[in-house]
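# Breakdown of the fold
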Amino acid sequence: MTVPADAQLPEIVLRPIRPDDKDALVAGLGRLSDRSVYERFLSPKPRLSRSELAYLTEIDGHDHHALVAVLARSPGVIVAVGRWVREADAPQRAEVAVVVADDLQGRGVGRRLGAALAQAGAERGVEAFIATMLPSNTAAQRLMAGMARDLACARARRAASPAAA
Ligand SMILES: CC(C)(COP(=O)(O)OP(=O)(O)OC[C@H]1O[C@@H](n2cnc3c(N)ncnc32)[C@H](O)[C@@H]1OP(=O)(O)O)[C@@H](O)C(=O)NCCC(=O)NCCS
C-alpha cells in the first residue's frame, strides 16, 4: 500500500516485514529518540540479539504479523514498524506494538499502519487487541482505540459479507 505524499508527509509505502530488514530495523531503532524507545519498549534502548532480530523479522504472518513503513524515495529506510502477536493461551487475542520515526509522529502514519494491522487481524481471526503503554502516552492510547474500532469494523464487514471479505 502506498500513502501519497502531501505537504506534511513524504510518500511512504507499507509492506510486510522481511527477513532482510534486520539492518534497516536496527538503523531505524538507532534513529529513535530515547523517549520514543522508552514508550515503545518500556525500557531504555535495547541492544537486539541475533535471535531477537530473527524473532522480529522472520515472522509467519499468522500468529505474528508485522508491517513496516518505508520512504518511497528511499525504500531501504524504515520509518515505522507495527506488529501484533497472538497470545499463546488466547489466540483470538493479539498484543500490538507500533513505533513511528520521531519526525513523522503526529502525522497519521501510526493510524495508517494501525488500520492495515487491524485489517490483517480481522482476516486472520483476531478478535481483540491488547497493548501495554504508559498512562501518559495519549498518542498510543488514541491509536489503540482507533485500531480497536478498525478491527471491530473489519470483523463486522466480514461477518456481513463473508464472500466479499
Ligand atoms: C504512538 C505512535 C505509534 C502513534 O503514531 P503517530 O503516527 O504519531 O500517530 P498518528 O498521527 O497516526 O495519530 C494517532 C492518534 O493519536 C493522536 N495523537 C498523535 N500524536 C499525539 C500527541 N502528541 N498527543 C496526543 N494525541 C496524539 C492523533 O490525534 C490520533 O488520534 P485520533 O485517531 O483519535 O485522531 C507514535 O507516536 C510513536 O511511535 N510513539 C513512540 C512509541 C510508542 O509510544 N508506541 C506505542 C507503544 S504500543
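The text that follows walks through the structure, step by step, so that each part is easy to find. Note that this is a predicted model, so its numbers are computed, not measured.

Procedures and definitions
Residues numbered from 1 in each chain as written. Predicted model: local features only at pLDDT ≥ 70, side-chain atom pairs only at ≥ 80, totals over all residues. Helix = DSSP H or I, 4+ residues; strand = E, 2+ residues; numbered from the N terminus. Rg over C-alpha atoms; globule rule 2.2 N^0.38 Å. Buried ≥ 20, exposed ≤ 12 C-beta atoms within 10 Å, placed from the backbone. Contact = placed C-beta atoms within 7 Å. Near = placed C-beta within 6 Å. Nonpolar A, V, L, I, M, F, W, Y, C, P; charged D, E, K, R; others polar. Expected span 1.5 Å × (residues − 1). Core = buried A, V, L, I, M, F, W, Y, C linked by C-beta atoms within 7 Å. Pairing = 2+ DSSP bridges.

## Some words on the overall build of the protein
- A count of helices and strands for the protein gives 5 helices and 6 strands.
- Seen in sequence order, the protein has helices and strands lined up from the N terminus as β-β-α-α-α-β-β-β-α-β-α.
- Over its C-alpha trace the protein gives a radius of gyration of 15 Å, about what one expects of a compact globule, namely 15 Å for 165 residues.
- Taken over the C-alpha atoms alone, the protein extends approximately 45 × 40 × 35 Å along its principal axes.
- Burial analysis of the protein (165 residues in total) assigns 26% to the buried set.
- The long-range fraction of contacts in the protein, counting pairs at least 24 apart against all pairs at least 6 apart in sequence, stands at 65%.

## Describing the site of the ligand
- By nearness alone, 23 residues border the ligand, and E39, Q105, G110, A139 and R142 come closest of all.
- Going through the elements one at a time, α2 (34-41), β5 (90-100), α4 (109-123) and α5 (138-160) are the ones with two or more residues in the shell around the ligand.
- For the shell around the ligand, the leading source of residues is α5, giving 6 residues.
- When grouped by side-chain class, the residues that make up the shell around the ligand number 10 nonpolar, 8 polar and 5 charged.

## Side note on the environment of A66
- Tracing the backbone through its elements, the reader meets A66 in strand β3 (residues 64-71).
- When the 21 C-beta atoms within 10 Å are taken as the criterion, A66 is described as buried.
- Linking A66 and A97, residues 31 residues apart in sequence, is a C-alpha distance of 9.4 Å.
- Beyond its immediate sequence surroundings of up to four residues, A66 is in contact with P16, I17, I59, V81, G82 and R83.

## Let's talk about α5
- The end-to-end C-alpha separation of α5 is 33 Å, in line with the 33 Å expected for 23 residues at 1.5 Å each.
- Inspection of α5 places A140, L143, M147, D150 and L151 among the buried residues, and these make up the whole buried set.
- Along its buried surface, α5 packs onto α2, β5, α4 and β6 (128-130).

## A few points about the nonpolar core
- Among the nonpolar cores identified, the biggest contains 30 residues, and L67, V68, A69, A80, L113 and L117 are the most heavily contacted of them.
- The dominant element in this core, judged by the number of residues it contributes, is α4, at 8 residues.
- Excluding anything up to four places from it in sequence, A80 contacts V68, A69, V99, V100, A101, L104, V109 and L113.

## Observations regarding the pairing of β3
- Bridge count for strand β2 (residues 12-16) against β3 is 5 bridges, and the pairing is antiparallel. Looking at β3, one finds that P16 is bridged to L67.
- Where β3 meets strand β4 (residues 74-87), 8 bridges bridge the pair, whose relative direction is antiparallel. Along β4, the bridge assignment pairs L71 with S74.
- Hairpin connection of β3 to β4: 2 residues between the antiparallel strands.

Nothing here speaks to function; it is all geometry.
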